[in-house]
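Each chain is listed here by its residues.
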Amino acid sequence: MTPPTDRKTRSRKNILNAALRMFKRQGYVGSGVDGIMEEAGMTSGAFYGHFDSKTDVLGAALVQSFIEDQAAMDGALSESETPEQLIEIMQRYLSSKHCEHVEEGCSIPPLLSDLGRADEETKAQFEEVIQWMVTQFEERSQNEFTRQQILSTLALCFGGLSLARAVKSPALARQILSACRKNLPIQKEK
């Protein structure tokens, strides 16, 4: 028999994963507790055994997604030994495949507007993620990229991916992504 704490931990993680998928797909406002719990394969009443509100699950889901995003980025960055390889990583980030698979991709672009309205604790945690990314790029580029170039690159990647996902036309989405890839601030002057 599974101990109750293990089951409760697994249930909470299942709810967080379902909430994150829903938030990525439909946004915070477009997601309700009933939909989250249906996505998790659980009854709506079980939600309140884990969270006090939808806002509470948003904060927890964002923290979980930050951890997962950091792990994914750390894995990608661990294979980069040159500034050119860092540029390749950011160009892949701006791919049509990443654009089309919202639920499987980075959680920052689809949740950026929700992060802007999040509580101070969540914003502080998100700020730590951004600071961590900047530090990783500085170190892995042997300080070839300035802080300003890195922050501009992150803004272009997150914003560009969001913009490409927001348009109806696949052709225009591809043009947006291509323009972003060609104009990454961390690229060498041509």
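Just above, that's the structure.
If you're wondering where the values come from, they're calculated on a predicted model, not measured in any experiment. (Residues numbered from 1 in each chain as written. Predicted model: local features only at pLDDT ≥ 70, side-chain atom pairs only at ≥ 80, totals over all residues. Heavy atoms only, no water.)

Visitor: So, the packing of aromatic side chains: which residues are in play, and what are the values?
Guide: Within the structure shown, the criterion is met by four aromatic pairs. Judged by centre distance (4.9 Å) and plane angle (75°), the ring pair of Phe47 and Tyr48 falls under edge-to-face. Summarising the aromatic geometry, the rings of Phe47 and Phe51 are spaced 5.6 Å apart at their centres and angled 40° between planes, so their arrangement reads as tilted. An identical accessibility class is assigned to Phe47 and Phe51; each is buried. Through a chain of ring-to-ring contacts, three or more aromatic side chains come together here, namely Phe47, Tyr48 and Phe51. (Phe/Tyr/Trp six-rings, centres within 6.5 Å; stacked < 30°, edge-to-face > 60°. Buried < 20%, exposed > 50% of the residue type's maximum accessible area, 1.4 Å probe, protein only.)

Visitor: Give me the lowdown on the pattern of salt bridges, citing residues and values where you can.
Guide: This structure, assessed with the given rule, holds four salt bridges. Note that Arg21 and Glu39 form a salt bridge whose closest N and O atoms lie 2.9 Å from each other. Placement of the pair is Arg21 in helix α1 (residues 4-26) and Glu39 in helix α2 (residues 33-40), with a sequence separation of 18 residues. Glu39 gets classed as partly exposed once you look at its relative accessible area, which sits at 28%. In this structure, Glu103 and Arg25 form a salt bridge, with 2.8 Å as the shortest nitrogen-oxygen distance. With Glu103 in the loop between α5 (96-100) and α6 (108-116) and Arg25 in helix α1, the pair connects residues that are 78 residues apart, well separated along the chain. A network of salt bridges, in which partner residues are shared, links Arg21, Arg25, Glu39 and Glu103. (Salt bridge = Lys/Arg side-chain N within 4 Å of Asp/Glu carboxyl O. Helix = DSSP H or I, 4+ residues; strand = E, 2+ residues; numbered from the N terminus.)

Visitor: Summarise the nonpolar core; cite the residues concerned and give the values.
Guide: Within the largest apolar cluster, 52 residues are counted, with the highest numbers of intra-cluster contacts made by Phe23, Ile36, Val57, Met90, Met133, Phe137 and Phe158. Broken down by secondary-structure element, the contributors of at least two residues to this core are α1, α2, α3 (54-78), α4 (83-93), α6, α7 (120-140), α8 (147-166) and α9 (170-182). The element that contributes the greatest number of residues to this core is α3, accounting for eight residues. In this structure Met90 touches Phe137, Thr153, Leu154, Cys157, Leu184 and Ile186, once residues within four positions along its chain are discounted. (Core = buried A, V, L, I, M, F, W, Y, C linked by side-chain atoms within 4.5 Å. Contact = heavy atoms within 4.5 Å.)

Visitor: Any chance you could break down α8 for me, citing the residues and the numbers?
Guide: Given 3.6 residues per helical turn, the α-helix brings residues three or four places apart onto the same face. Here α8 spans 28 Å end to end across 20 residues, near enough to the 28 Å set by a 1.5 Å rise per residue. Buried within α8 we find Ile150, Thr153, Leu154, Cys157, Phe158, Gly160, Leu161 and Ala164. All buried residues of α8 fall inside an arc of 165° around its axis, so they share one side. Counted as exposed and oriented over 90 degrees from the buried face of α8: Gln148 and Ala166. Elements that come into contact with the buried residues of α8 comprise α4, α5, α6, α7 and α9. (Expected span 1.5 Å × (residues − 1). Arc of directions from axis to C-beta.)

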